[in-house]
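As a plain string of letters, each chain reads:
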Amino acid sequence: MDLNTLSCYLSALGYLGLNGKGCNVHEQSGTVQLYINSSPKSGRPRTRSSTTIWNLPDCVIVSILKCVHIKDLLSIRSVHSRLCDIIDSNQNSLWKSVSFYDCWPEEANLHHFIKASDFGNIEATIKLAVAFLYKEGLTRDDISKIASEAAKYLRLAESLTPETFPFYWIFIRPPWAPDGSCSKVQAFNHLKCIVDKEKDRDLAFGIALTLKLQRLSVQGVSKDEERKYFELAAKQSSSAAIFFTLLDIIPGEEEESHDYESVRILRQLSSANILEAKINLVRSYILGRYGGVTEAMAKDYSQKFFRSSKPSGIHFIFSQGPTSDISRYILVDWLVEVVGMKDFSAHTLYLAVSLFDRFLKIRSVQRSKVQLLGVAAMVVSSRFLGFDILTIREAAWLTDNSYTYHDVVRMMGELVATLKGNIRVITIQDFVKILLVVTREGGYMSMLVEYIAMLCLLQSEMGQYSPAEVAASCVLLSRLLLNKEDPWPDCLKEWTGYTKDYLNLCTFHIHKKCLQEGSEVDYRDTKLRSVKLRYADGNRCSVSNIEVIGHRELCRRLGVTRLVSHGKDTKSIRFRNTDELIVSPRRGANCPDFLRSLSQSFDEDSVDRTNAATPPIKPSSVFEDSVSGYDGDFEEDSDVLYSYCRMHE
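Residues numbered from 1 in each chain as written. Predicted model: local features only at pLDDT ≥ 70, side-chain atom pairs only at ≥ 80, totals over all residues. Heavy atoms only, no water.

Peer 1: Before we move on, can you summarise the packing of aromatic side chains with the specific residues and values?
Peer 2: One pass over the structure, following the stated rule, counts 18 aromatic pairs. Note on Phe 306 and Phe 431: the rings are 5.1 Å apart at their centroids and 50 degrees apart in plane angle, and the pair reads as tilted. Residue Phe 306 is located in helix α16 (residues 295-307), and its partner Phe 431 is located in helix α23 (residues 428-439); the two are separated by 125 residues in the primary sequence. The exposure class assigned to Phe 306 is buried, which follows from its relative accessible area of 1%. A residue is classified by how much of its surface remains accessible, and Phe 431, at 1% relative accessible area, is buried. Put simply, the rings of Phe 165, Trp 169, Phe 205, Phe 230, Phe 243, Phe 244 and Phe 384 pair up and form one aromatic cluster. Over the face of the ring belonging to Tyr 535 we find Arg 540, whose NZ or CZ atom lies 5.7 Å from the ring centre. (Phe/Tyr/Trp six-rings, centres within 6.5 Å; stacked < 30°, edge-to-face > 60°. Helix = DSSP H or I, 4+ residues; strand = E, 2+ residues; numbered from the N terminus. Buried < 20%, exposed > 50% of the residue type's maximum accessible area, 1.4 Å probe, protein only. Lys NZ or Arg CZ within 6 Å of the ring centre and 35° of its normal.)

Peer 1: Residues and numbers for unusual backbone geometry, please.
Peer 2: The phi torsion of most residues other than glycine is negative, and most of the peptide bonds are trans. That bond from Pro 174 to Pro 175 is cis: its omega, 15 degrees, falls within 30 degrees of zero. When you line up the elements, Pro 175 lands in the loop between α9 (169-172) and α10 (183-198). Here Lys 199, not a glycine, exhibits a phi torsion of approximately 60 degrees, which is positive. With respect to the helices, strands and loops of the structure, Lys 199 is situated in the loop between α10 and α11 (201-217). Backbone geometry places Lys 420, a non-glycine residue, at a positive phi of 55 degrees. Summarising the element assignment, Lys 420 is placed in the loop between α22 (405-418) and α23.

Peer 1: Go over the packing of α23 against helix α25 (residues 467-481) with me, naming the residues and quoting the values.
Peer 2: Two elements in contact, α23 and α25, have axes whose closest approach is 8 Å; the angle formed by their N-to-C orientations is 45 degrees. When the axes of α23 and α25 are compared, the pair comes out oblique. Regarding α23 and α25, the two cross each other, and that crossing is right-handed. In this structure, α23 contributes Ile 428, Phe 431, Val 432 and Leu 435 to the contact, and α25 contributes Pro 467, Ala 468, Val 470, Ala 471, Ala 472 and Val 475. In terms of residue class, the contact of α23 with α25 is made up of 10 nonpolar, no polar and no charged. (Axes fitted to C-alpha atoms, helices over the stretch in contact; angles between N-to-C directions. Parallel < 35°, antiparallel > 145°, perpendicular 65-115°, else oblique. Left-handed = near helix turned anticlockwise from the far one by under 90°. Contact = heavy atoms within 4.5 Å. Nonpolar A, V, L, I, M, F, W, Y, C, P; charged D, E, K, R; others polar.)

Peer 1: Can you explain the nonpolar core? Please cite residues and give values.
Peer 2: Membership of the largest hydrophobic core comes to 196 residues, with the highest contact counts inside it found for Phe 171, Phe 205 and Ile 510. With residues near it in sequence (within four places) discarded, Phe 205 still touches Phe 165, Pro 166, Trp 169, Phe 230, Ala 233, Ser 238, Ala 240, Ala 241 and Phe 244. (Core = buried A, V, L, I, M, F, W, Y, C linked by side-chain atoms within 4.5 Å.)

Peer 1: Can you lay out α10 for me, pointing to particular residues and giving the numbers?
Peer 2: Spanning 16 residues, α10 covers 22 Å between terminal C-alpha atoms, matching the ideal 22 Å at 1.5 Å per step. Buried residues belonging to α10 abut α7 (122-134), α8 (143-159), α9, α11, α12 (224-235) and α20 (370-385). One or two residues past the end of α10 sits Lys 199, with phi positive at roughly 60 degrees. (Expected span 1.5 Å × (residues − 1).)

And the structure:
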């Protein structure tokens, strides 16, 4: 790398009001000069400033260098002795924040990863843990020593992310090699010894969870050891462990008695930012278990919970990055097929898509690696909260061997490292389940809501609405399609804080984009409709065969009399009736493209809803052999494990 890279970092800083002016760095006579473009509109500098990079305070230079890529940091260090001194004098902050994106631990660069990990770099630490655990990129043969190193870095990674739900256990959880010789088993034993000695609460929770998974997959295994580590974690104030022990005493929905103590504990865990506790607390409130607070206070908490949901903004990523939204649509449609094939829960799908989207908000991915990222996200999601797991070999096979076992392992490490171990976030599905508790409706109605919600998952445009808004709009649209007398009853308004008018904009968007427009087409001119096929099943009430009302009828049922467009400014387009529709101020100027066509009303017969099959995944008779030295993942049908959401029996 030459000095142009450093120039880019300086330009991005905009130091001392230089934003928009640009700057260039050149090396002349052994000094580094900073040239400032004082006439940005002309495209070329009119004057040359005598200011050099050395006029900037060291703290500013350090701020510029934070979060640069490891390759750039090492190159910048070699540019000039003064830069070398600054970097060496601020190793703690620079090596802690340096990026290791698209860089994997190998024998040649291992010392850089270890150095960064020693300074607390979470990305380097997670990649080291995965590399040692799977022996990926390393040529060492001593399995015991490798497992010890994997345990060391898994433990360190967990300690560097105290605010997130413990995640390290997803890498060591069963299935294990039958003879117990694989590195996962040995790493697990190393971690258990550490817990016995140091009583680490997050490690203890992961050990307990792993033991539970092992017991559920192998009949006859004692529950005592598992209980021991759960209790140890709880005694060390592990909120996650307390929540899991609480699951056994939370009353079922059919019980009429209110368990004051369990709701009180849920409130404490919610304040500790345990997402599952928040969801369960809202559900308890809706079911009338207030635990000592008033109904008004319970509804106020629920409304705040819904308002805390924020838009993902993923639609901006696809409008600016190298990956198009059609690539995402094709990927999600394919992941729906994978979920159906493996009989995963819808939660697993939503979390996988969330992992995919959140990664893209941080890192740019080439179109050729979109499927690799997606299948790696499904592997991680299934390990975290799936009924069954998607093994690494299965993941490579499902891509028709477009990617290897090694590719999937590295992308798993890249994904978890980039997200810093923060795997679980709130999804549309979580809010859908809560809203269905409010309406007390099941059967056809609940399936219809879930169908429309999964259609929304395909569309990156829905990233401009929060998951709570999308879920509520799916409920509203479902009730409109079924011509309910009151499409948005008071109970929904009271528990969500949303009015029907507030949700109308999102509802119209979903209706047009998900129900009236035809399915997207892949490169083979085949329509993608895995979601429609999934919900055409009689076990899901065949809700995808519902007759979709037209735009005019939707306006009539919503009470919208006409659509007014003020000029060509799409920001001014609004619906008008006695109570004008409320548009979220967060969206403001970011009005969706579909509004440009809403001023022309159309009937349901004017859109194409032709059915076509989703292209099947091509089977392969032989799994690609792995030479990574890791034998812990197997894909036999007997390896059925219960995970995160199904830990209590």
